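An overview of the molecular structure
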Amino acid sequence: MNNLSEKLREFLEKKPLYSWQKFELPEYSTQFTNLFQIEMECPTCKRSRPFSDRQVTRSAFEYSIPKLESRIYPFCFKCDSCSSTEYAFFVEVDIENGKIRKVGQSPAWSITLDKDIDRFLEDDSEYFKKALICESQGYGIAAFSYYRRTLENSIGKILDNLRSILEMQGSSSENIEQIDRALKGIVMDEIIKIAKDAIPNSLRPNGMNPLAIIYDTLSAGIHRLPEEECLKNSEYIRVALSYLIKTLSRQNEEQRAFLDATKSLNDFNSKSS
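What this report covers is the structure whose coordinates are included nearby. (Residues numbered from 1 in each chain as written. Predicted model: local features only at pLDDT ≥ 70, side-chain atom pairs only at ≥ 80, totals over all residues. Heavy atoms only, no water.)

Here the focus is the state of the cysteines. Taken as a whole, this structure holds zero disulfides when the rule is applied. Cys42 takes part in no disulfide bond, and the closest cysteine sulfur, belonging to Cys45, lies 3.6 Å away. (Disulfide = S-S within 2.5 Å.)

With the rule as written, the count across this model stands at eight aromatic pairs. Each member of the aromatic cluster is reached from another via a ring pair, and the members are Phe23, Phe32, Tyr73 and Phe75. The lysine or arginine in question, Arg71, covers the ring of Tyr73, its NZ or CZ lying 3.9 Å from the ring centre. Sitting above the plane of the Tyr127 ring, Arg149 keeps its charged end 5.4 Å from the centroid. (Phe/Tyr/Trp six-rings, centres within 6.5 Å; stacked < 30°, edge-to-face > 60°. Lys NZ or Arg CZ within 6 Å of the ring centre and 35° of its normal.)

We now examine the packing of helix H5 (residues 140-153) against helix H9 (residues 210-223). Running from amino to carboxyl end, H5 crosses H9 at an angle of 140 degrees, the nearest separation of the two axes being 9 Å. Looking at the two axes, H5 sits oblique to H9. Crossing angle aside, the handedness with which H5 passes H9 is left-handed. Packed against H5, whose contacting residues are Phe144, Ser145, Tyr147, Arg148, Leu151 and Glu152, the element H9 presents Leu211, Ile214, Tyr215, Thr217, Leu218, Ser219, Gly221, Ile222 and His223 at the interface. Split by residue class, the contact of H5 with H9 holds eight nonpolar, five polar and two charged. (Axes fitted to C-alpha atoms, helices over the stretch in contact; angles between N-to-C directions. Helix = DSSP H or I, 4+ residues; strand = E, 2+ residues; numbered from the N terminus. Parallel < 35°, antiparallel > 145°, perpendicular 65-115°, else oblique. Left-handed = near helix turned anticlockwise from the far one by under 90°. Contact = heavy atoms within 4.5 Å. Nonpolar A, V, L, I, M, F, W, Y, C, P; charged D, E, K, R; others polar.)

Residue position: Leu203 is located in the loop between helix H8 (188-198) and H9. Between the C-alpha atoms of Leu203 and Leu244, which are 41 residues apart in sequence, the distance is 7.6 Å. Residues within four places of Leu203 in sequence aside, it is in contact with Leu162, Met208, Pro210, Tyr243, Thr247, Leu248 and Gln251.

If you look at the biggest cluster of nonpolar residues, it comprises 37 residues, and the most contacted ones within it are Phe128, Tyr147, Leu151, Ile155, Ile158 and Leu162. Listed by contribution, the elements that provide at least two residues to this core are helix H3 (115-121), helix H4 (125-136), H5, helix H6 (155-168), helix H7 (173-184), H8, H9 and helix H10 (227-272). Phe11, Phe32, Phe51 and Phe89 belong to the second-largest nonpolar core, a separate cluster that totals 21 residues. (Core = buried A, V, L, I, M, F, W, Y, C linked by side-chain atoms within 4.5 Å. Buried < 20%, exposed > 50% of the residue type's maximum accessible area, 1.4 Å probe, protein only.)

This brings us to the sheet that holds strand E2 (residues 37-42). Read from one edge of the open sheet, six strands run E1-E6-E5-E4-E3-E2, paired in antiparallel fashion. The open sheet has two edge strands with one neighbour each: strand E1 (21-22) and E2. The sheet contact formed by E1 and strand E6 (residues 99-106) spans two bridges and is antiparallel. Note on E6: the bridge partner recorded for Gln21 is Ile100. Here helix H1 (residues 3-14) sits on the sheet and contacts E1, E2, strand E4 (72-79), strand E5 (86-94) and E6; the angle it forms with E2, its principal contact strand, is near 20 degrees. (Pairing = 2+ DSSP bridges.)

The next point concerns the side chain of Asn252. Looking at the element boundaries, Asn252 is found in helix H10. For Asn252, the side chain forms a polar contact with the side chain of Ser164, separated by 2.9 Å. (Polar contact = N/O pair within 3.5 Å; in protein donor to acceptor, adjacent residues only side chain to side chain.)

For H4, built from 12 residues, the straight-helix expectation of 16 Å at 1.5 Å per residue is met to within 8% by its first-to-last C-alpha distance of 17 Å. Turning to H4, its buried residues are Ser125, Phe128, Ala131, Leu132, Cys134, Glu135 and Ser136. Backbone geometry just after H4 places Gly138 at a positive phi near 90 degrees. (Expected span 1.5 Å × (residues − 1).)

Below, the structure is given as structure tokens:
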């Protein structure tokens, strides 16, 4: 797959509706529309599957190959496994400004959450789903609002998991007491500040604090950023928030399982000696 096809594939798989994206557009339409395969969630197969292009490819022997124009181009794909599920996309091309955007997609973006996220958020998973809906429809500021509500409503669970992880890692009593104060707090900015400072290095890839970056971006976006900037950054918020929730939950569970296992082994060795 060439670089153009790879970028177009990523655009169709991941980008929401109505979000313009700069794109290196080819001269001819067949260079743009002949995308042979994407990978999407198949509701029939109930897993991610490759989908192949169902459109008729223009013959190399045809004398006239149309140039790419500023208009809407359709894309249609069928699941390679079940041959029943289809995805259709409609992409608007703006030649003059060198950009494209999705103006239609069927089936619509899935709002089915990862099971770990759904379990962690419980009732607040509805806010995460509403953020996904807003993002898919091009409402960036609304998506930011729902992602922020998701974060603020789940901050207690985030702190509980942080406290548990730090305790198991033998963190200082001062750090534990800070989290306890945050759990009793009522001013969200103060609670978030304590939580940001408490994030251990194991949850900071390349030294980046996911909670700090997420909260600061959401705050700036809701109050100052235009719609388009919020929509562009909604994808990054979704990825970062998903990482934080899944990694926090998984690390807590894995550390607890490890400590339980080593305790059992120590007990066994003590009895055997």
